[in-house]
Amino acid sequence: MLGGWHLSNLVTYVGVAACVAGFGLAGAGEIALALVCLAAAAIADLFDGVFARRFKRTSRQRSLGAALDSLADVASFLALPVAIAFATGLGVWAWVVGVPYVLAGLTRLAWFDVAAYARAAQSADNGREQPLSHFRGLPVAYTALALPL
């Protein structure tokens, strides 16, 4: 498998599996179960970092984990909610709301990743890891809370 694969990413993979199940359930018209999958993906996202930090990892493995987390967020909290919206029969409104929502969320995630890469580069320069002191913007995982309401 990939040279950077590590067991520390297992919880992220579980979240992605829940997301994929949510796509299938939304496509089958099982909206309530698709929302359960969205919630499961959110729980996995909540704990994936805590789980990953329990492992000794190389910087490359940490970077891969961070990239996997962002990609999982795109699928789980941007694409899946829009798929659920389409499955509910919102029609044109799913497009009108879904496209700007996905673009805004994607931009927010990219902005966060660029800031994280800059922080990692600064850490490498001074030999100390710079912890993230705060987030800018609304995390896309909050969709898992708002959508079911």
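Residues numbered from 1 in each chain as written. Predicted model: local features only at pLDDT ≥ 70, side-chain atom pairs only at ≥ 80, totals over all residues. Heavy atoms only, no water.

Trainee: Just to check I follow, could you spell out the overall build of the protein for this structure?
Mentor: Tallying secondary structure elements over the protein gives 5 helices and 0 strands in all. Along the protein, helices and strands appear, N-terminal first, in the series α-α-α-α-α. Expressed as a percentage of its 149 residues, the buried residues of the protein come to 32%. Within the protein, counting contacts between residues at least 6 apart in sequence, those at least 24 apart form 77% of the total. Total accessible area on the protein is roughly 9300 Å²; 70% of this is exposed by carbon and sulfur atoms. (Helix = DSSP H or I, 4+ residues; strand = E, 2+ residues; numbered from the N terminus. Buried < 20%, exposed > 50% of the residue type's maximum accessible area, 1.4 Å probe, protein only. Contact = heavy atoms within 4.5 Å. Areas by Shrake-Rupley, 256 points an atom, 1.4 Å probe, with all protein chains shown as cover.)

Trainee: Is there a simple way to explain the state of the cysteines in this structure?
Mentor: A covalent bond between the sulfur atoms of two cysteines is what we call a disulfide. Scanning the entire structure with this criterion turns up 0 disulfides. Between Cys19, a cysteine without a disulfide, and Cys37, which holds the nearest cysteine sulfur, the sulfur-to-sulfur distance is 8.8 Å. For Cys37, a relative accessible area of 11% puts it in the buried group. (Disulfide = S-S within 2.5 Å.)

Trainee: Would you explain the packing of helix H1 (residues 10-27) against helix H3 (residues 59-87) in this entry?
Mentor: Two quantities define a packed helix pair, namely the angle between the helix axes and the distance between the axes. Orientation of H1 relative to H3, taken along the N-to-C sense of each, is 15°, at an axis distance of 9 Å. The orientation of H1 relative to H3 falls into the category roughly parallel. As H1 packs across H3, the resulting crossing turns out to be left-handed. Across the interface between the two elements, Thr12, Tyr13, Gly15, Val16, Cys19, Gly22, Phe23 and Ala26 of H1 pack against Leu68, Asp69, Ala72, Ala75, Ser76, Ala79, Leu80, Ala83, Ile84 and Ala87 of H3. Residues belonging to the contact of H1 with H3 are distributed by class as follows: 13 nonpolar, 4 polar and 1 charged. (Axes fitted to C-alpha atoms, helices over the stretch in contact; angles between N-to-C directions. Parallel < 35°, antiparallel > 145°, perpendicular 65-115°, else oblique. Left-handed = near helix turned anticlockwise from the far one by under 90°. Nonpolar A, V, L, I, M, F, W, Y, C, P; charged D, E, K, R; others polar.)

Trainee: Would you mind going over the packing of H1 against helix H2 (residues 31-52) with me for this structure?
Mentor: Viewed as axis vectors pointing N to C, H1 and H2 meet at an angle of 170°, and their least axial separation amounts to 8 Å. Judged by the angle between their axes, H1 and H2 are roughly antiparallel. Residues Leu10, Val11, Thr12, Gly15, Ala18, Ala21, Gly22, Leu25 and Ala26 of H1 lie in contact with H2, whose contacting residues are Leu33, Ala34, Cys37, Ala40, Ala41, Ala44, Phe47, Asp48 and Phe51. Residues that form the contact of H1 with H2 fall into these classes: 14 nonpolar, 3 polar and 1 charged.

Trainee: Before we go on, may I ask you to explain a nonpolar patch on the surface in this structure?
Mentor: A contiguous nonpolar surface patch, about 910 Å² in accessible area, is contributed by Phe86, Leu90, Val92, Trp93, Trp95, Val96, Val97, Val99 and Leu103. Here the nonpolar patch takes 7 residues from helix H4 (residues 92-126), the largest share from any one element. For Leu103, the location among the structural elements is in helix H4. (Patch = residues over 30% accessible without salt bridge, like charges linked within 9 Å, V, L, I, M, F, W, Y side chains within 5 Å. Salt bridge = Lys/Arg side-chain N within 4 Å of Asp/Glu carboxyl O.)

Trainee: Looking at this structure, I do not really get the packing of aromatic side chains. What am I missing?
Mentor: Remark: the centre distance and the inter-plane angle together describe each pair of aromatic rings, the angle taken between the planes. If you walk through the whole model with that rule in mind, you get 2 aromatic pairs. When the ring of Phe51 is compared with that of Phe55, the centres are 5.1 Å apart and the planes differ by 65°; the resulting orientation is edge-to-face. A relative accessible area of 25% places Phe55 in the partly exposed class. Measuring from ring centre to ring centre gives 5.2 Å for Phe86 and Trp95, while their planes differ by 75°; the resulting arrangement is edge-to-face. (Phe/Tyr/Trp six-rings, centres within 6.5 Å; stacked < 30°, edge-to-face > 60°.)

Trainee: Is there a simple way to think about the confidence of the model for the protein in this case?
Mentor: Keep in mind that low pLDDT regions are not for reading the predicted coordinates in detail. Across the protein, the average pLDDT comes to 85, with 83% of residues at or above 70. Mean pLDDT across the elements of the protein bottoms out in helix H5 (residues 143-146) (73) and peaks in H1 (97). (pLDDT = per-residue confidence, 0-100.)

Trainee: Quick question: what am I supposed to make of H3 here?
Mentor: Three- or four-residue spacings in an α-helix give side chains the same orientation, since the helix completes a turn every 3.6 residues. An ideal rise of 1.5 Å per residue puts 42 Å on 29 residues; H3 measures up with 41 Å between its terminal C-alpha atoms. Within H3, the axis deviates most sharply at Ala79, by approximately 35°, and proline Pro81 lies no more than four positions further along. Within two residues after H3, Gly89 carries a phi angle of roughly 90°, on the positive side. (Expected span 1.5 Å × (residues − 1). Bend = angle between axes of the 7 residues up to and from the residue.)

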